[in-house]
Amino acid sequence: MDIRLEGISHSYGDFEVMRDITLHVPAGRIVCIVGPSGCGKSTLLRFIGGLERPRQGRVLQLGQAPQGCLNPLTYIFQDFALLPWRSVEGNVSLVLEDHGITGAAARAIIDDVLARTRLTDFARALPRQLSGGMKQRVAIARALAVNPAVMLMDEPLSALDSQTRELLMDDLISLWTRANFTAVYVTHNLAEAVRLGHSIVVLSRRPGQIREIVEIDMPLARRAFGDPELDLYQRRLWEMMRDEARAADSELLHG
Amino acid sequence: MAETAHAPGTSPSETARPVPFRGGGFAPRPRKWVGLAVFVALIALAEWGTRAGWISALTLPRPSDVLETFVQLYESGLLFRHLVPSLTRLIVGAAIGVGIGISLGILIGLFSHVRAGLVPLVAAIFPIPKIALLPLFVIWFGIDEASKYALIAFGTFTPMVVATYGAVDNVDRTLIRMGQSFGLSWVSIVRKIVLPGAMPGILSGLRISLAIAIILLVAAEMLGASHGIGAYILEAGSLYDLERLFAGVVILSVLGVTVSAGIGLVERRLLAWRS
Ligand SMILES: Nc1ncnc2c1ncn2[C@@H]1O[C@H](COP(=O)(O)OP(=O)(O)O)[C@@H](O)[C@H]1O
Ligand SMILES: [Mg+2]
């Protein structure tokens with residue numbers, strides 16, 4: 001399933017957040033969105049997932065979601081958004097229950113996604129017993145359980161330390177290599193963007209506009225930590241963003 | 001002051017002192033027996049004072065006499081004649097008040113219109129001393145049990161509403177967003193995310209409401225009750241029978257401690273997920 005954004009503009013009251021964003025997210029590819037903080041990345045992702053409506057423009061889904069897809073547009077949140085009173089498997093089963101999947105059918109799905117995220121041994125643990133990286137893997141397992149057509153990830157690794165982030169990037173790459181899901185991946189971390197993005201959309205500071213789209217052809221599985229070619233891409237992106245980030249950083253937050 | 005960092009032992013000329021510890025306190029830790037020890041010490045002090053004579057019998061009854069009164073109360077079967085009607089009033093009244101309070105609190109938390117309509121009303125009736133309305137309840141519900149239930153229900157209702165909608169307001173919005181993003185139905189979001197998330201606040205509201213219920217029980221039994229702990233205490237009070245007065249007060253205290261321990265038990269069960 002493809003996603004197309006057509007002329008999205010938005011403001012909160014008089015506070016303009018983004019301007020005329022048109023973008024195509026092709027099926028089976030990961031599109032990274034980078035930009036200085038406050039430029040409207042999270043807002044844009046909420047529009048794509050239908051959690052909020054833009055003032056202008058529209059978000060279109062092209063094509064059918066694959067068979068067995070329970071929730072075509074599925075989020076992974078920066079702060080994990082796990083229910084603290086449910087165990088790991090309870091958090092996964094939460095999103096199945098509403099589709100009437102319980103008992104053996106749910107068991108099979110839960111076992112599968114926990115195995116894919118290497119969490120089988122922690123099925124009965126509560127979120128507070130888990131490290132940050134594990135919590136995010138639970139959130140990924142929960143997302144995989146509904147067999148999404150498009151994954152919407154809002155800075156999924158930003159709350160984690162850098163080693164954990166490396167490990168989880170490898171996990172995401174191997175998951176993508178198996179399933180070839182479509183993803184919109186929001187981050188402010190350029191290293192993540194060049195490792196995971198088939199294309200990287202650079203937004204300007206608020207009001208967010210698309211400044212440039214950088215395509216990286218290297219297959220995800222070949223992108224390694226410290227690859228010189230990726231470093232070049234990363235440097236190019238940083239040069240594009242530096243002045244924007246500096247300007248964004250010295251703006252007052254609105255009240 | 002040395003400019004460079006020395007490895008240990010490389011600068012023997014300077015005297016080594018341990019860094020003073022200054023991080024203590026401000027961290028309450030359970031000390032189970034201290035509370036009991038305070039009780040025992042106070043009672044022993046009263047016993048000693050009344051026996052030695054530096055506390056006069058008119059000031060404070062002798063603890064051993066209070067115990068004796070209590071034993072008599074138990075052996076004559078009167079204890080349960082008083083306890084059963086009181087507990088019934090407490091349970092029925094509190095169940096009505098807490099039930100309505102939690103339900104309305106949840107509705108206020110979930111629906112803007114209900115909130116706009118009811119929050120000012122709740123704010124208006126919260127500060128009314130419910131005891132002042134007792135005559136009104138007697139007119140409305142009669143002198144029998146119903147007016148006593150109504151008083152206790154009304155008194156537990158207001159703190160329960162306020163605690164419940166505050167608790168619903170405090171439920172982590174990102175969890176609700178998460179539920180919506182997975183396409184959970186409204187009912188599922190309320191049942192599986194909002195209610196469990198509000199449970200800590202609801203239970204601490206319950207703790208306060210039930211304490212208020214015990215206070216109001218005595219007030220409710222001031223009027224037209226021949227049996228009940230409150231009636232027993234009031235009768236003893238009007239006769240200046242301090243032993244019986246204190247025996248009644250001890251029963252109320254024990255009731256309060258029991259209720260509080262019960263809620264603690266429920267909290268440990270339902271809120272085991274919090275650390
Ligand atoms: N619901 C809202 N109401 C008002 N302002 C908002 C709201 N959501 C976001 N904003 C503002 O819009 C701007 C963009 O926010 P966001 O999309 O979170 O940025 P980013 O994720 O790129 O850091 C920020 O300045 C933020 O304060
Ligand atoms: Mg954001």
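Residues numbered from 1 in each chain as written. Chains lettered and ligands numbered in written order. Predicted model: local features only at pLDDT ≥ 70, side-chain atom pairs only at ≥ 80, totals over all residues. Heavy atoms only, no water.

Brief notes about the site of ligand 1
Residue and element names in this part refer to chain A.
Link 1 in the chain: By nearness alone, twelve residues border ligand 1, and Gly38, Gly40, Lys41, Ser42 and Thr43 come closest of all.
Link 2 in the chain: Threonine 43 is positioned such that a nitrogen or oxygen atom in its side chain is 2.5 Å from an oxygen atom of ligand 1.
Link 3 in the chain: When ligand 1 sits alone it has 560 Å² of accessible area, and the protein chains cover 68% of it.
Link 4 in the chain: For the shell around ligand 1, the secondary-structure elements that each account for two or more residues are strand E2 (15-25) and helix H1 (41-48).
Link 5 in the chain: Of the residues belonging to the shell around ligand 1, the class tally is four nonpolar, six polar and two charged. (Near = heavy atom within 4 Å. Polar contact = N/O pair within 3.5 Å; in protein donor to acceptor, adjacent residues only side chain to side chain. Areas by Shrake-Rupley, 256 points an atom, 1.4 Å probe, with all protein chains shown as cover. Helix = DSSP H or I, 4+ residues; strand = E, 2+ residues; numbered from the N terminus. Nonpolar A, V, L, I, M, F, W, Y, C, P; charged D, E, K, R; others polar.)

Concerning the pattern of salt bridges
Link 1 in the chain: Scanning the model with the defined rule gives 26 salt bridges over all chains in all.
Link 2 in the chain: A salt bridge links Arg116(A) to Asp112(A), with the shortest nitrogen-to-oxygen separation between them at 3.2 Å. Of the two residues, Arg116(A) and Asp112(A) are both situated in helix H3 (residues 103-116); the distance of four residues between them amounts to about one turn of the helix.
Link 3 in the chain: One salt bridge in this structure joins Arg89(B) and Glu221(B), with 2.6 Å as the shortest N-O distance. Remark: Glu221(B) occurs in the loop between helix H8 (186-220) and helix H9 (229-238) and Arg89(B) occurs in helix H3 (residues 78-110); sequence separation between them is 132 residues. (Salt bridge = Lys/Arg side-chain N within 4 Å of Asp/Glu carboxyl O.)

Side note on the domain arrangement of chain A
All names here are of chain A.
Link 1 in the chain: Domains assigned within chain A are domain 1 (2-66 + 150-253) and domain 2 (82-148).
Link 2 in the chain: Summarising the inter-unit geometry, the C-alpha centres of domain 1 and domain 2 are found 26 Å apart.
Link 3 in the chain: Counting from both sides, the interface comprises ten residues of domain 1 and, opposite them, ten residues of domain 2.
Link 4 in the chain: The contact between domain 1 and domain 2 buries some 970 Å² in all, and 69% of this surface belongs to carbon and sulfur atoms.
Link 5 in the chain: Considering only the side of domain 1, the residues that lose the most area to domain 2 are Met151, Leu168 and Leu175, jointly responsible for 41% of the buried surface there.
Link 6 in the chain: At the boundary of domain 1 with domain 2, the tally comes to one salt bridge.
Link 7 in the chain: Between aspartate 171 and arginine 118 there is a salt bridge, and its shortest N-O distance comes to 2.6 Å.
Link 8 in the chain: The interface formed by domain 1 and domain 2 contains two residue pairs in polar contact (both at pLDDT 80 or more).
Link 9 in the chain: Elements represented by at least two residues in the side of domain 1 that touches domain 2 include exactly strand E6 (150-154) and helix H5 (162-179).
Link 10 in the chain: Among the elements that line the side of domain 1 that touches domain 2, the one with the most residues is H5, at six residues. (Domains from an automatic or database assignment. Contact = heavy atoms within 4.5 Å. Buried area = accessible area lost by both parts, 1.4 Å probe.)

Let's talk about the interface of chain B and chain A
Link 1 in the chain: Each partner contributes residues to the interface: chain B has 19 residues there, and chain A has 25 residues.
Link 2 in the chain: Contact between chain B and chain A buries roughly 1,800 Å² in total, counting both sides, with carbon and sulfur atoms accounting for 65%.
Link 3 in the chain: When residues of chain B are sorted by the area they lose upon contact with chain A, Phe182(B), Lys192(B) and Trp273(B) head the list and together hold 39% of the total.
Link 4 in the chain: At the junction of chain B and chain A, the tally comes to two salt bridges.
Link 5 in the chain: For Lys192(B), the salt bridge goes to Asp98(A), with nearest N and O atoms at 3.5 Å.
Link 6 in the chain: Summed over the shared surface of chain B and chain A, the number is seven residue pairs in polar contact (both at pLDDT 80 or more).
Link 7 in the chain: By residue number, the principal contributor to the side of chain B that touches chain A is helix H7 (residues 173-181) of chain B, which donates six residues.
Link 8 in the chain: Among the residues forming the side of chain B that touches chain A, the class breakdown is eight nonpolar, eight polar and three charged.

Focus on the sheet that holds strand E1 (residues 2-12) of chain A
Residue and element names in this part refer to chain A.
Link 1 in the chain: Read across the sheet, three strands follow the order E2-E1-E4 without closing on themselves; strand pairing throughout is antiparallel. Only two strands of the sheet have a single partner each, and these edge strands are E2 and strand E4 (56-62). Each adjacent strand pair in this sheet contributes to an overall mean axis angle of 15°, direction not counted.
Link 2 in the chain: With six bridges joining them, E1 and E4 adopt antiparallel strand pairing. Among the inter-strand pairings, isoleucine 3 is bridged to a residue of E4, identified as glutamine 61.
Link 3 in the chain: Running over the sheet, H1 touches E1, E2 and E4 and is turned about 125° from E1. (Pairing = 2+ DSSP bridges. Axes fitted to C-alpha atoms, helices over the stretch in contact; angles between N-to-C directions.)

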